[in-house]
Structures are given as C-alpha cells and as structure tokens.
Amino acid sequence: MASTETSEADRAAKADVADKAVGAPGDTHDLAGLEAGLDALETVQSGRTPLRETLVQKVLPPLSAIALVLVVWQGLVWAEVTDSTKLPSPSSVWSGLRELWLQGTLLDIVWTSVSRGLLGFLLALAIGTPLGLVVARVRFIRAAIGPILSGLQSLPSVAWVPPAVIWLGLNNSMMYAVILLGAVPSIANGLVSGVDQVPPLFLRAGRTLGATGLRGTWHIVMPAALPGYLAGLKQGWAFSWRSLMAAEIIASSPDLGLGLGQLLENGRNNSDMPGVFLAIFLILIVGIAIDLLIFSPLERYVLRSRGLLVKS
C-alpha cells in the first residue's frame, strides 16, 4: 500500500515538472510562434524579382537621370549660354558617334582601351592580392611597406606616366606599368582592411579545427575579409581605368593604336568639341558598364551569402 502511494506521488511529481517545463497552452503557442518567426528570419527568399519591378526600380531611375541631363544640356544650347564651339549640341555628339559606327572603328576604339584596362587590372589583381595578404599577416612587413602603399594610393596616377615613358618607351608595356602602379596599392590596401576586420574568434576557431597556414588563409581569412577585399577591387578597377586614360592622353602615339584616351586627345588637338564630349561619354559608359556587369553582381552575391540581401 505504501509502495503504491509512493509510485503515485512520483508520477504526480513528474507530471508537475513536465507541466512546468512545457508551461501553459498559451506559453506553448507563444513558443511555437517564436520558433516560426526565427525560422522566417533565417529563410532567404530566393524568388526572382518581377520584370516590371526591376524595370521600375533599376532601369527607370538612370534613364530618367540621363533624360534630364539631355534636356538641361539641350536647353543650355538653345539659350546660347556660350559659343557652339565650346558647348556642342547633343545631336552633334550623336552624329560623331554615328560616324564612327558607320566607319567601323567605334568598337575597335573601345576594345583597345577595355582590353588594356582589363588585362592591366588582372595583373594588378595577381600582384596586389598576395601582397595584401603578406602585409596584413606579417607585422614587420606591414610596418615597413604599409605606409608606402598608403602613400602610393594617394599619388595621382598621371605622375607615373613620364617616368614610365622614359623607362619603357611608347608601347603597351608602359601602359600596363602605369596601371599596375595605380591599381596594386588600392587592391592591397583593400585586402589589408578586410583582414583587419576579421573577428579574432574566426581565426581561433579555424586553428582549433586545423585550418592553419595556407589552408586557414583560404578557408577562414579570405572568405571573412571578402567585403573589404571587394571594395578594394572596385577601387583598384577605378584606379586602373583612370591610370590608363591618363597614359593614353599623355603618351599618344600611332604605334599604340587608337583608344579612348587618344580619341579624347585628338579631339582637343583638332578643337573638335563634339569629339571631346563623345570620348568623355564613352569613357564614362565603359566605367559604368564594367561596374554593372562585374562588380555589382559580385557585391550582390557577397551580400546574399551573408543574409544581407533578401531579394534580388
């Protein structure tokens, strides 16, 4: 009899503990709602943005800005705020573009500069990435080279054109040298900044799991430093493109072929303002196109992989 009463008491005590652990029905409902909310936060929406929404949010604003610039530009021409030799009309610039297209030289001019810029940037990437890793990870090298890299990054790229011409002559090697001197410091400093922002906990966890040396750099440091590294790459491309344009303008030669920088310089030499405006617009369009086609997708991928971009 006593044994039966003891077992019933144990069952009652266990039931009481279970009720306290689970809580009232309302508490259970709240807990389920909390879990559902957390699951919703962790779930990344993978649905694609409707075409109409994409056009309205991403295509319409820049087109509206371009239209506004053209309207203001044409209005200034009609108002005759200055002589037509200094401010050409949009139609005259369009005529120059159409003429280059009909001559079959437009794409060649653009590709001459774009191919140089991309190849120079890839060379700068191959040099700047390991340099940035070494500077970020080796304290002595950072103390010795870090200030020099920062100084080189602030130095205008056009300053390298005269010595590069003297050293290498008027050829493509001179162009690539100017690009490297302008872009490598930006890429290296961007990676150094990204590595500095890696949480120490990541590094300790990597060492605990055996990710040391090159393995730790590849699997821990580089993925964690990717946002800062990507910012350095974007800045490196900007320096590459500007360095190339400066080199093409100053070191103009028939042996180098006709690029966008040479096109701009030819327009200045011939007092051809429509040609000058056309070259400026082409340089701007190429820079925007590279950013939209290469760096913007990379940036969206990095943000999406970190849960910072819910909808593409």
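Residues numbered from 1 in each chain as written. Predicted model: local features only at pLDDT ≥ 70, side-chain atom pairs only at ≥ 80, totals over all residues. Heavy atoms only, no water.

Next up on the list: the overall build of the chain. Across its full length, the chain holds 13 helices and 0 strands. Going from N to C terminus, the chain has its helices and strands arranged as α-α-α-α-α-α-α-α-α-α-α-α-α. The 312 residues of the chain split such that 31% are buried. For the chain, the share of sequence-separated contacts (at least 6 apart) that also reach a separation of at least 24 residues comes to 72%. Within the structure as shown, the chain displays about 19,300 Å² of accessible surface, and the carbon and sulfur contribution to it stands at 67%. (Helix = DSSP H or I, 4+ residues; strand = E, 2+ residues; numbered from the N terminus. Buried < 20%, exposed > 50% of the residue type's maximum accessible area, 1.4 Å probe, protein only. Contact = heavy atoms within 4.5 Å. Areas by Shrake-Rupley, 256 points an atom, 1.4 Å probe, with all protein chains shown as cover.)

Below, the discussion takes up the confidence of the model for the chain. In this model, the chain carries an average pLDDT of 79, and 78% of its residues clear a pLDDT of 70 or more. By mean pLDDT, helix H1 (residues 2-22) is the weakest element of the chain at 47, and helix H5 (residues 106-137) is the strongest at 92. Counted against residues more than four places away or in other chains, residues 1-7, with its pLDDT under 50, gives 0 contacts. Within the model, pLDDT remains below 50 along residues 13-27, and this stretch shows 3 contacts once partners closer than five positions in the same chain are excluded. (pLDDT = per-residue confidence, 0-100.)

Quick look at the pattern of salt bridges now. All told, the structure shown has 5 salt bridges when counted by the stated rule. The residue Glu 248 makes a salt bridge to Arg 116 at a minimum N-O spacing of 2.9 Å. Of this pair, Glu 248 sits in helix H11 (residues 226-250) while Arg 116 sits in helix H5, placing them 132 residues apart in sequence. Arg 268 is paired through a salt bridge with Glu 265; the nearest N and O atoms lie 2.7 Å apart. Note that Arg 268 and Glu 265 are positioned in helix H12 (residues 260-269) at a spacing of 3 residues, about one turn of the helix. (Salt bridge = Lys/Arg side-chain N within 4 Å of Asp/Glu carboxyl O.)

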